[in-house]
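# Architecture and fold: a report
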Amino acid sequence: MPYSPEVLLQLLQRFIKHPNKIKQVHSLLITDGYLLRGLNTQPHSKWMRTLLYNTLIRAHLNAGQTCKTLFLFTHMLANQAPPNSHTFPSLIKAAASSLPSFGRPLHTQVVKRGVLFDPFIPTTFVVFYGEHGSLRDAYKMFEEISLLCIVAYNAMLHASGKNGSVESALLIFERMPDRDIVSWTTVINGFWSNGYFAEAIQFFKKMMAHENIGNGLVKPNEATYVCVLSSCANFAGRGSLDFGKQVHGYILRNEVFLTVFVGTSLIDFYGKMGCLPKAMNVFTQMVPTEVCSWNAMISSLASNGREKEALDMFENMKREGLHPNEVTFVAVLTACARGKFVETGLKVFQSMSLDFGVVPTMEHYGCVVDLLGRAGLLKEATDIVRSMPLQPDASVLGALLGACKIYGSTELGDEVGRRLLELNQRHCSQYVLLSNTNAGVERWDYAAALRKDMVDAGILKIPAYSSVYLA
DNA sequence: TTAGGGTTAG
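A brief report on the enclosed structure follows.

What counts, and where the lines are drawn
- Residues numbered from 1 in each chain as written.
- Chains lettered and ligands numbered in written order.
- Predicted model: local features only at pLDDT ≥ 70, side-chain atom pairs only at ≥ 80, totals over all residues.
- Heavy atoms only, no water.
- Near = heavy atom within 4 Å.
- Polar contact = N/O pair within 3.5 Å; in protein donor to acceptor, adjacent residues only side chain to side chain.
- Helix = DSSP H or I, 4+ residues; strand = E, 2+ residues; numbered from the N terminus.
- Nonpolar A, V, L, I, M, F, W, Y, C, P; charged D, E, K, R; others polar.
- Axes fitted to C-alpha atoms, helices over the stretch in contact; angles between N-to-C directions.
- Parallel < 35°, antiparallel > 145°, perpendicular 65-115°, else oblique.
- Left-handed = near helix turned anticlockwise from the far one by under 90°.
- Contact = heavy atoms within 4.5 Å.
- Buried < 20%, exposed > 50% of the residue type's maximum accessible area, 1.4 Å probe, protein only.

This paragraph deals with the protein's contact with DNA strand B. The full set close to DNA strand B counts 40 residues, and Trp 47, Arg 58, His 86, Asn 154 and Asn 325 are the nearest of them. Of all atoms in DNA strand B that approach within 4 Å of the protein, 41% are sugar or phosphate atoms. A distance of 2.8 Å separates a base nitrogen of DNA strand B from a polar side-chain atom of Thr 123. Looking at which element gives the most residues to the surface near DNA strand B, the answer is helix H11 (residues 181-193), with five residues. Partitioned by chemical class, the residues of the surface near DNA strand B number 17 nonpolar, 17 polar and six charged.

Following this line, the structure appears as structure tokens:
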């Protein structure tokens, strides 16, 4: 006796966050023919198919299977289950997370089907265009929303910060009829992600002094703590250590336990401030220690002259049955480079892909070149640069150049320096030229976004280098 | 008919 579609729908909704169970229900839906047009002829069957597909799409999105999410949409169309306004937010999110090229076709579908009036859809597009389009596109979508609510405003705050315009985020924040903790956190995050650490801390202070905080209407959450702690950790100015400690105290007084996110941020904060005992203290207090907490602890040790302990920690971590990831290997290789443990470093580098399936990235190559270079093995370091499967970037060449300087290898140093300069100038001039051109016609948002791209790409503008003559 | 939209570490 097959289950009714209603029962299967209930099961889907109940297990919407359990990928394995979803697979089972999906199989039943297929074998019972509920997803197929024609087999089920009850009057409400079309509506039911749409509902089932919407829920399946959502479940696959939750499971991180973004390709399958979009694939289900094509099935949905083929089986004449008409998509409605509930279908698109999941699809746009799937596109945003890993298949941005689907954004435009989805936008066309939305317009064609006349569902843009629904506030959820333009809000999801604000997020999508904030991540993959431009601030302008995101704002266009924001303007489409007839009834603005706090979530839509927050999405726009995020899009602004993400595209390098904290100024617009602040203007929108001022315009908001009311703000919740996400609004405050998003602005703090906007400052933080654009490198304005002092401003992020100031804004957090402003939030804490706000009357809503006292009333208990707005309370900092995990994301807020992570952002403000990371700002303290990265802000080299006076008072950031003390302020971070105050935040820690606030957390201890107001939170029941340390979550992985907050704990890891605290370890990172104390590590960057050079307070190793404090970092270790937080680490040992965290019960469910996950890979990221170990990573933060290993990097803290590695960057505070305790390379040997960092390596011991790495061994302990493996003994505990945790699987190191790419961040772990950056930390471990850094420890090896700084401690001049050449042999161990090379072994770790080999084993990362062989034993742990972690494919070396540019950062790992940078660490190995640094490891060999610091030990004076310039030929070996050069061999790595020549044989690496990626085009070496400024960080890798910079590590090699550093070693040439230490060991007085002028010939090699000149060559590397030239390549580095070429790399920097080519990129820098292109970006600066483009950026200035756009600023010239008052496309400030675009100009700002380009300059942010430069920072993201690790292309630092050489202060005295200007491309005026090119313009 | 009520499944769908916003912030987070290494």
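Here we take up the packing of helix H21 (residues 342-354) against helix H22 (residues 362-374). Remark: H21 packs on H22, axes separated minimally by 10 Å, with the N-to-C direction vectors making an angle of 160°. As judged from the angle between their axes, H21 and H22 are roughly antiparallel. Read as a crossing pair, H21 and H22 show a hand that is left-handed. On H22, the residues touching Val 342, Gly 345, Leu 346, Phe 349 and Met 352 of H21 are His 364, Tyr 365, Val 368, Leu 371 and Leu 372. Looking at the contact of H21 with H22, its residues break down into eight nonpolar, two polar and no charged.

Let us now look at the packing of helix H7 (residues 120-132) against helix H9 (residues 150-162). Where H7 contacts H9, the axes come no closer than 8 Å and their chain directions differ by 5°. If you check the angle between H7 and H9, you find them roughly parallel. The segment H7 lies against H9, with Thr 123, Val 126, Val 127, Gly 130 and Glu 131 engaging Val 151, Ala 152, Ala 155, Met 156, His 158, Ala 159 and Lys 162.

The next thing to look at is the side chain of His 107. With respect to the helices and strands, His 107 occurs in helix H6 (residues 103-112). Not counting residues up to four positions away in its chain, the partners in contact with His 107 are Phe 125, Tyr 129 and Met 141.

Turning our eyes to something else, we now look at unusual backbone geometry. For Gln 80, which is not glycine, the phi torsion reads 50° and is therefore positive. For Gln 80, the location among the structural elements is in the loop between helix H4 (66-78) and helix H5 (87-98). Overall, the relative accessible area of 44% leaves Gln 80 in the partly exposed class.

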